[in-house]
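Listed below, chain by chain, are the residues.
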Amino acid sequence: MGRKGSPRSPQAEGGSRAASPPSPLWALPEELLLLICSYLDAQALGRLAQVCRRLRFLSSRDVLWRRIARGCLNSGFTQLGTDLLMPWMELDGKYLYLSQAENIQAYHLCAEGTGLQCHPQAIFSGHQEDVCRFVLVNSNIVSGGGDGSIVLHKIHGSYSVKFSAHEQEVNCVDFQGGLIVSGSRDRTAKVWSLSAGRVGQCLHTVQTEDRVWSIAISPLLSSFVTGTACCGHISPLRIWDLESGQLLTCLGTDFHRGAGVLDVFYETPSLLLSCGYDTYIRYWDIRTSTRKCVQEWEEPHDSALYCIRSDKNHMIASGSSYYGVVRLWDKRQTQCLQSFHLSSPTSSPVYCLRFSTTHLYAALASALHVLDFTAS
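Quick look at the structure, then. (Residues numbered from 1 in each chain as written. Predicted model: local features only at pLDDT ≥ 70, side-chain atom pairs only at ≥ 80, totals over all residues. Heavy atoms only, no water.)

Before going further, it helps to spend a moment on helix α1 (residues 30-37). Turning to α1, its buried residues are Leu33, Leu34 and Cys37. One face of α1 carries all of its buried residues, which in axial projection span an arc of 100 degrees. (Buried < 20%, exposed > 50% of the residue type's maximum accessible area, 1.4 Å probe, protein only. Helix = DSSP H or I, 4+ residues; strand = E, 2+ residues; numbered from the N terminus. Arc of directions from axis to C-beta.)

Right, here's the structure in full:
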C-alpha cells in the first residue's frame with residue numbers, strides 16, 4: 001500500500017493559480033492616472049484600451065479625448081494661440097455672453113447690434129473643463145461644466161459659488177425662482193437650492209436612466225422638463241414635479257431609438273418646443289395631449305437640430321448640425337420660411353442661437369455670426 005502523502009496544492013494538481021497581487025498602478029489616485037494618460041496621443045490611448053477592462057474604462061474618459069477632439073477643430077476665437085470652443089451664449093441688453101472653453105466672456109454689442117467689441121468687458125471663470133451650458137437670469141449666471149460642477153456668478157459684483165454637482169459632465173442647466181435644475185451625462189437630473197443657508201444643497205435627484213441633453217423649468221415654477229438621449233425604450237421628453245422630483249408625464253409615444261432631444265424651450269406653461277437628432281421640431285400643448293405634438297416641422301436636409309428658439313409668437317429659429325444652417329420657420333406654415341448657410345464650405349453645427357426682431361446671433365465652431373434683418 002502506498003504511503004499517504006500530505007494534500008497537494010491546487011497549483012500542483014494543475015488547478016487555478018493564486019490571484020496575482022494588484023498592480024501598484026491602481027494604488028494611484030484616479031486624478032493622477034488621468035494626468036499621466038493626458039500625455040498620450042490618440043493612437044497610444046487606443047492601444048492602452050486593449051490591455052484590460054480597467055484601462056479601457058480609464059482611457060475612454062471624455063476628459064482625455066476632449067483635448068484631442070479640440071485639436072481637430074478651428075474655433076476661430078483664440079487666446080494665447082489656443083483655440084476655444086464656444087457652445088452657448090445669452091443676450092442681455094447691450095451685452096452678449098459667450099462661453100469659450102472654461103470661461104464665460106461678456107462682450108459689448110457695437111452700435112446697432114452689428115457686431116462685438118474685440119475685447120471682453122468681463123470674464124467669468126471657475127470651471128476646470130469646458131462650459132457645457134449656462135443661463136442668464138436676473139443678473140445671475142449659472143453654468144454647468146465638463147468637470148461636473150455648477151458655478152453661480154453675480155454679474156455686478158465679485159460673488160460666486162461653485163459646487164460639485166454630478167459625476168460626469170453637466171450638459172444642461174436652468175435657473176428660476178431660487179432653484180437650479182441640472183442634467184448630466186451620468187443619467188441623472190438634480191434640483192438645487194439657492195436659498196440663504198442652503199446654497200448648493202441638492203433637494204432631489206431624478207434617475208432618468210439615460211443621458212440628459214436638455215432641461216428647462218416651467219414658467220409656473222411647478223415642474224421641469226428633461227430631454228434625454230433616447231437610448232432605451234423610455235420617452236426622451238419627460239416632465240417632473242419640481243417640489244417632489246416625481247415623474248408627472250411623458251411626452252410622445254413614437255420616438256425612434258437614438259432620437260435624443262438636444263434643446264427644449266417653454267413658450268408658456270403649457271406650450272413647449274423641442275428638437276434633436278430625429279430632425280424634427282415639435283410643438284407640444286400639454287393641455288390637449290401628451291401623447292402627440294400639435295404640430296411638427298421636418299428639417300429638409302435630414303440634419304439633426306442642435307438648438308431652437310422662439311419669439312413666443314409666430315417665429316421659430318433652428319440651428320442644424322451641418323454647414324451652420326440656420327432656418328426661420330413660421331408656425332402658420334408647413335415649410336421653412338428662410339434659411340442661411342453660415343459655414344460653407346466648412347461644416348459646423350450651430351451650437352446655439354438667439355434672435356430678436358432686428359438681429360440673429362449664431363455660435364458655430366468657426367465663428368460667431370450676426371445676421372442683420374434691417375439691412376437691405
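From this point, the discussion proceeds with the structure in view.
Our focus in this paragraph is the sheet that holds strand β18 (residues 247-251). Ordered by their spatial adjacency, four strands build an open sheet running β15-β16-β17-β18, and the pairing between neighbours is antiparallel. Both outer strands of the open sheet, β15 (212-217) and β18, are each paired with one neighbouring strand and no more. Geometrically, the sheet is characterised by an average inter-axis angle of 20 degrees between neighbouring strands, direction not taken into account. As paired elements, strand β17 (residues 237-241) and β18 share four bridges and run antiparallel to each other. Residue arginine 238 lies in a different strand from β18, and its bridge partner there is cysteine 250. (Pairing = 2+ DSSP bridges. Axes fitted to C-alpha atoms, helices over the stretch in contact; angles between N-to-C directions.)

The next subject is the packing of aromatic side chains. This structure, assessed with the given rule, holds five aromatic pairs. Here the aromatic rings of tyrosine 97 and phenylalanine 124 are separated by 6.4 Å at their centres, their planes lie at 40 degrees, and the arrangement is tilted. Here tyrosine 97, found in strand β4 (residues 95-100), pairs with phenylalanine 124, found in strand β6 (residues 122-124); they are 27 residues apart in sequence, far enough to count as distant. Comparing tyrosine 97 with phenylalanine 124 shows no difference in burial state: the two are buried. The lysine or arginine in question, arginine 54, covers the ring of tryptophan 26, its NZ or CZ lying 4.1 Å from the ring centre. (Phe/Tyr/Trp six-rings, centres within 6.5 Å; stacked < 30°, edge-to-face > 60°. Lys NZ or Arg CZ within 6 Å of the ring centre and 35° of its normal.)

A few words on the nonpolar core. Taken as a class, soluble globular proteins show a tendency for nonpolar side chains to be buried jointly. With 19 residues, the main nonpolar core has Met89, Leu96, Tyr97, Ile104, Phe124, Phe134 and Ile141 as its most contacted residues. Mapped onto this core, the elements with two or more residues apiece are β4, β5 (103-108), β7 (131-137) and β28 (359-364). Methionine 89 has contacts with Leu96, Tyr97, Leu98, Phe134, Cys352, Leu353, Arg354, Tyr361, Ala362, Ala363 and Leu368, leaving out every residue within four places of it along the chain. (Core = buried A, V, L, I, M, F, W, Y, C linked by side-chain atoms within 4.5 Å. Contact = heavy atoms within 4.5 Å.)

Take the side chain of arginine 238 next. With respect to the element layout, arginine 238 can be found in strand β17. Buried and without a salt bridge, arginine 238 has glutamate 209 as its closest oppositely charged side chain, separated by 5.4 Å. Within the local environment of arginine 238, its side chain forms a polar contact with the backbone oxygen of threonine 208, the two atoms lying 2.8 Å apart. Those residues within four positions of arginine 238 in sequence are excluded, and the remaining contacts are Thr208, Phe224, Val225, Thr226, Thr228, Leu247, Thr249 and Cys250. (Lys, Arg positive; Asp, Glu negative; His and termini not counted. Salt bridge = Lys/Arg side-chain N within 4 Å of Asp/Glu carboxyl O. Polar contact = N/O pair within 3.5 Å; in protein donor to acceptor, adjacent residues only side chain to side chain.)

Considering all chains together, one arrives at zero disulfides under this definition. Just so you know, cysteine 172 is unpaired, no disulfide at all, and the nearest cysteine sulfur is the one on cysteine 132, 9.1 Å from it. On the basis of relative accessible area, cysteine 172 is assigned to the buried category, the value being 1%. There is no disulfide at cysteine 352, and the cysteine sulfur nearest it, in cysteine 307, is 5.9 Å away. (Disulfide = S-S within 2.5 Å.)

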